[in-house]
Amino acid sequence: KAERDDGDIPTLENELDLPYRTQPKPDFARRYQEIDTLESLRDKGYCHAWYARRFFEPVRVKDQPLPHHGLGVDCYVQW
């Protein structure tokens, strides 16, 4: 039976440790020199999305559910 222990993310009581993949929010301030380039690509669809990836840090694997900002989800498990 699923239970909500923090009010947002449903969890199951069991003995499994899941590999949650997490990714911090992009750090636009640190790469301020590239913001103009990113903004110039806003109406270019896929080019904008591809260039925006430069602002994200690598994914980390944790044993607890944390947000994955690259995917825009509260938590993510990859099998």
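Residues numbered from 1 in each chain as written. Predicted model: local features only at pLDDT ≥ 70, side-chain atom pairs only at ≥ 80, totals over all residues. Heavy atoms only, no water.

## Some words on the nonpolar core
Counting five residues, the largest nonpolar core consists of Leu38, Leu41, Tyr51, Ala52 and Phe55. Setting aside its immediate chain neighbours within four residues, Tyr51 contacts Glu34, Thr37, Leu38 and Leu41. (Core = buried A, V, L, I, M, F, W, Y, C linked by side-chain atoms within 4.5 Å. Buried < 20%, exposed > 50% of the residue type's maximum accessible area, 1.4 Å probe, protein only. Contact = heavy atoms within 4.5 Å.)

## Thoughts on the packing of aromatic side chains
Per the stated rule, a full pass over the model turns up one aromatic pair. One Lys or Arg, Arg31, reaches over the ring of Phe55 and ends 5.6 Å from the middle of that ring. (Phe/Tyr/Trp six-rings, centres within 6.5 Å; stacked < 30°, edge-to-face > 60°. Lys NZ or Arg CZ within 6 Å of the ring centre and 35° of its normal.)

## Some remarks on the side chain of Glu34
You can see Glu34 is positioned in the loop between β3 (20–22) and α1 (35–40). Side-chain polar atoms of Glu34 contact the side chain of Arg31, separated by 2.7 Å. Among the polar contacts made by the side chain of Glu34, one reaches the side chain of Tyr51 at a distance of 2.9 Å. With sequence-adjacent residues up to four places away left out, Glu34 is seen in contact with Tyr51, Arg54 and Phe55. (Helix = DSSP H or I, 4+ residues; strand = E, 2+ residues; numbered from the N terminus. Polar contact = N/O pair within 3.5 Å; in protein donor to acceptor, adjacent residues only side chain to side chain.)

## A closer look at the side chain of His68
With respect to the helices and strands, the residue His68 is situated in the segment after β4 (60–62). Owing to a relative accessible area of 5%, His68 belongs among the buried residues under this scheme. In terms of polar contacts, His68 uses its side chain to reach the backbone amide nitrogen of Leu71, at 3.1 Å. Ignoring any residue separated from it by four or fewer positions in sequence, one finds His68 in contact with Arg21, Thr22, Gln23, Val59, Val73, Asp74 and Tyr76.

## A word on the environment of Asp63
Structurally, Asp63 is set in the segment after β4. With 47 residues separating them along the chain, Asp63 and Leu16 place their C-alpha atoms 10.0 Å apart. Residues in contact with Asp63, not counting those within four places in the same chain, are Leu18 and Tyr20.

Spatial relationships are all this shows, so hold off on functional conclusions.
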